[in-house]
Amino acid sequence: MNLVAIAFSTGWASGVNAYLVVLTLGLADRLGGFEQIPDQLARRDVLVAAGLLFAIELVVDKIPYLDSTWDVVSTVLRPAVGAALGVLVAGDAGASEAVYGTISGGSALASHLVKAGTRLAVNASPEPFTNIGVSVGEDVTVLGVVALLLANPWLAFTLTAVLLVAGITMLALLARLVRRGRARWRRRRSGPSGTVSP
């Protein structure tokens, strides 16, 4: 049953920063020999590739608008990495790979969409410090989730489920605020006859 918690939590974390998840799990397995981490993640080539991609994301993710472009590219990559992690975890345990790949890939896609939507909202701010703060907060949260996952998979599952629901709720509220703002702007631009003023 721990596999459900592991697949969901690694998927959620992958949707936020897939390369940091792979790098952290791989290093943890290499240094600590954790049973629940697939040995493939500790391979040197995997660690080097994850490290390089994380280094790129570490910089790009803090630059307004460039981060959203990176998120568009990552719409395929993050869920794919999440699904692959679910398959690897299930394969190591001799469980149904398709089920756990779907759980992990699905939670990765959901958290990625929350992250991408949040970044679009943050990019409305003209200064770069908000982007930097949000990006650092995401990375710290991912590290915390992975560490918690290794200690207590069900606690990590509970935390990531709460974070996902909170993120979706926040995005829904932001979308409502944006719609209201647009409606007000259109009313101000409209003249008495309802036509847009020049």
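Residues numbered from 1 in each chain as written. Predicted model: local features only at pLDDT ≥ 70, side-chain atom pairs only at ≥ 80, totals over all residues. Heavy atoms only, no water.

### A closer look at the packing of aromatic side chains
Tallied over the entire structure, the rule returns two aromatic pairs. Between the aromatic rings of F8 and F157, the centroid separation amounts to 5.1 Å while the plane-to-plane angle is 65°, which identifies the pairing as edge-to-face. In this pair, F8 sits in helix 1 (residues 2–32) while F157 sits in helix 6 (residues 153–189), placing the two residues 149 residues apart along the sequence. Judged by its relative accessible area of 16%, F8 is buried. Its relative accessible area of 23% is what places F157 among the partly exposed residues. Ring geometry for W154 and F157: centres 5.2 Å apart, planes at 70°, overall edge-to-face. With W154 and F157 both in helix 6 and three residues apart, the pair spans about one turn of that helix. On the basis of relative accessibility, which here comes to 32%, the residue W154 falls in the partly exposed class. By way of ring pairs, the aromatic residues F8, W154 and F157 are connected into one cluster. (Phe/Tyr/Trp six-rings, centres within 6.5 Å; stacked < 30°, edge-to-face > 60°. Helix = DSSP H or I, 4+ residues; strand = E, 2+ residues; numbered from the N terminus. Buried < 20%, exposed > 50% of the residue type's maximum accessible area, 1.4 Å probe, protein only.)

### Considerations on the side chain of E57
Tracing the chain through its elements places E57 in helix 2 (residues 44–60). Its relative accessible area of 1% is what places E57 among the buried residues. In this view, E57 contacts V16, N17, Y19, W70, R78 and K115; residues no more than four positions away in its chain are not counted. (Contact = heavy atoms within 4.5 Å.)

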